[in-house]
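Listed here are the chains, written in short residue letters.
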Amino acid sequence: MDSVSQLVLGAAVGIAVMGKRAPVWKSALAGAVCGTLPDLDVFYDHGDAISNMTMHRTESHALFYLTLISPLLAWLMAKLFSGGQHFRHWWGAVWLALITHPLLDLMTVYGTQLGLPFTHYPFAIGSIFIIDPLYTLPLIIGVGLALYREQQRGIMWSNALLGISCLYLACTVIEQHQVTRHVGAELQRQNIESTQVLVTPTPLNSLVWRVVVMSKDSYGEGFTSLLHPDSPIRFRFYPRGEALYEAHKDNAFLARVAWFSHGFFSVKEQAGHILVSDLRMGQEPDYTFVFDLGEMKAGAPPQLPVKVASVRPSASKMWAQFRQALDVE
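None of the values given here were measured: they were computed from a predicted structure.

What counts and how
- Residues numbered from 1 in each chain as written.
- Predicted model: local features only at pLDDT ≥ 70, side-chain atom pairs only at ≥ 80, totals over all residues.
- Heavy atoms only, no water.
- Phe/Tyr/Trp six-rings, centres within 6.5 Å; stacked < 30°, edge-to-face > 60°.
- Helix = DSSP H or I, 4+ residues; strand = E, 2+ residues; numbered from the N terminus.
- Lys NZ or Arg CZ within 6 Å of the ring centre and 35° of its normal.
- Core = buried A, V, L, I, M, F, W, Y, C linked by side-chain atoms within 4.5 Å.
- Buried < 20%, exposed > 50% of the residue type's maximum accessible area, 1.4 Å probe, protein only.
- Domains from an automatic or database assignment.
- Contact = heavy atoms within 4.5 Å.
- Pairing = 2+ DSSP bridges.
- Axes fitted to C-alpha atoms, helices over the stretch in contact; angles between N-to-C directions.
- Salt bridge = Lys/Arg side-chain N within 4 Å of Asp/Glu carboxyl O.

1. Comments concerning the packing of aromatic side chains
The full count for this structure, using the stated rule, is 13 aromatic pairs. Both rings, one in Trp25 and one in Phe81, keep their centres 6.2 Å apart while their planes meet at 70 degrees; by these two values the pair is edge-to-face. Note that Trp25 is positioned in helix α2 (residues 24–36) and Phe81 in helix α4 (residues 63–82), a separation of 56 residues in sequence. Stacked on the ring of Phe265, the Lys or Arg Arg240 has its end atom at 5.6 Å from the ring centre.

Right under this line is the structure:
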C-alpha cells in the first residue's frame, strides 16, 4: 500500500491503543513511525532489478520478526514519550502499528512474504489497489480530528473512522469474490479454457475490476464493473511466450519472476533481447514491472536484468477503460 496510507494507519492505531494515556500527538507520531518502518527496505539494493522487486516486503514485513523487535521499540517509545510509563500499552500500540503494515500490504496484489522465516511464499489477496482514496481518506480525517481536538471525542472519531476503513477493506474482499464468480460464469459462457484467473481493482477505486485469464499459449485481459455485474466481459488475448519461456526457464531471473508473479507473466523477444513482464500490475500494454534479461545466448552466463521504464496509461485511456467496463456509450 502507499506510504501515506501506511503512515496514517499506524497513527490511527497508535491513537486507538494509547487513548488518553499519552498526548494524542505522541501516540500518533509513534504509530506513524512504526507504520512506516517496514518500507525502509526499499533503500537496500539487492544487486539487480528483479531481486529488488521480489525481495521487497520480505524480512521487514515478516510478522515473526516484527513481533520480535516490537518490545525494544515499545521500550524506546515509552522512554521518549511517557518517561518509561505505560510500557504494556506502548508495546501493544507498537506491535499493532508494525504488523498492520504487512497485513494491509497483503490486501494488494504485489506479494508480501509475511510468513518468513517459515515460508518464502509471497501472499497476496489483491482486493484493493495500491492507492485507494476511499480507504485512506477516513484515516486522514480521523487522525486529523484527534490531533485537532485532543480530547476523548476526537479519539472516538479517529477510532470510528479506523473501523470504517477496516470495514471498507472487508467489503473489497466481498466485491472481489462477487466479481470472481461472474468471471467464472463468463468464461464458461464464452467457452474460454483457463489455467489461472486474476481479479483485481483498477486504479483508485473498487468499482471497476481488471481480469487476467491465463491459458497455455496466451493470456486475456478484460474489465467488468460492479455497477453492471451481469454484463458480458470483452476479453482481448495476447501471446504469453510459452515457447520462449520453455527455452529459457532455467534462467534464474526468469524463474524468479515466474514464481513471484504466481504464473501471471509473459515473455517476448524484442531486438534479440528477452523481456519478461509481471502481468498483475499495470494494464496492456503498459506494465509496472518489465525486465530486460538480455540476449540469453546458449552457454553464456545470465546477464543482470534491467528494469524497463514503465509507461503509465494516460487519463484518456483509463477513462476509456472505465467506460468499457461501465458499459457507457
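From this point, the narrative continues.
2. Remarks on the nonpolar core
Phe265, Val267, Val276, Phe291 and Leu293 are the most contacted members of the largest nonpolar core, which has 30 residues in total. Within the residue set of this core, elements represented by two or more residues are α3 (49–54), β2 (208–214), α8 (242–248), α9 (252–260), β5 (265–270), β6 (273–278) and β9 (290–292). Of the residues forming this core, the biggest block, five residues, is contributed by α9. Taken together, domain 1 (3–172) and domain 2 (192–327) each give at least three residues to this core, which thus spans both. In contact with Phe291, other than residues within four places in its own chain, are Ala49, Ile50, Met53, Val257, Ile274, Leu275, Val276, Pro305, Val306, Lys307 and Val308. Core analysis: the next-biggest nonpolar cluster, separate from the first, contains 21 residues, Met107, Val143, Ala146 and Tyr168 among them.

3. A look at the sheet that holds strand β3 (residues 218–225)
Reading across from one edge, β1-β2-β3-β4 is the order of the four strands in this open sheet, with antiparallel pairing throughout. The strands lining the two open edges of the sheet, one partner per strand, are β1 (196–201) and β4 (236–239). Within this sheet the neighbouring strands show an average axis-to-axis angle of 20 degrees, counted without direction.

4. Here's the deal with the pattern of salt bridges
Taken as a whole and assessed by the stated rule, the structure comprises six salt bridges. The shortest N-O distance in the salt bridge between Asp105 and Arg57 comes to 3.4 Å. Residue Asp105 is located in helix α5 (residues 87–106), and its partner Arg57 is located in the loop between α3 and α4; the two are separated by 48 residues in the primary sequence. Taken individually, Asp105 and Arg57 each receive the classification buried, so the pair is uniform in this respect. In this structure, the salt-bridge partner of Arg210 is Glu221, at a minimum N-O distance of 2.7 Å. Note that Arg210 is positioned in strand β2 and Glu221 in strand β3, a separation of 11 residues in sequence.

5. Some remarks on the pairing of β3
The buried fraction of β3 is high, at eight of eight residues. Taking every second residue as pointing to the same face, both faces of β3 are buried, with Ser218, Gly220, Gly222 and Thr224 on one and Tyr219, Glu221, Phe223 and Ser225 on the other. Pairing analysis gives seven bridges linking β2 to β3, with the strands arranged antiparallel. Bridge pairing in β3 links Met214 to Tyr219. Pairing of β3 with β4 involves four bridges; the strand directions are antiparallel. Looking across to β4, one finds that Ser218 is bridged to Pro239.

6. A word on the pairing of β5
In this structure, β5 lies alongside β6, joined through six bridges in antiparallel fashion. Residue pairing across strands places Gln270 opposite His273, the latter belonging to β6. Connecting β5 to the antiparallel partner β6 that follows it, the hairpin turn spans two residues, and Ala271 within it adopts a positive phi of roughly 55 degrees.

7. Describing unusual backbone geometry
Omega for the bond connecting Leu116 with Pro117 falls within 30 degrees of zero, at 0 degrees, which places this linkage in the cis form. Position of Pro117 relative to the elements: it lies in the loop between α5 and α6 (133–149). Pro285 follows Glu284 through a cis peptide bond whose omega is 5 degrees. Relative to the elements of secondary structure, Pro285 occurs in the loop between β7 (282–283) and β8 (286–287). Positioned with a positive phi, His86 is a non-glycine residue whose angle comes to about 60 degrees. Secondary-structure assignment places His86 in the loop between α4 and α5.

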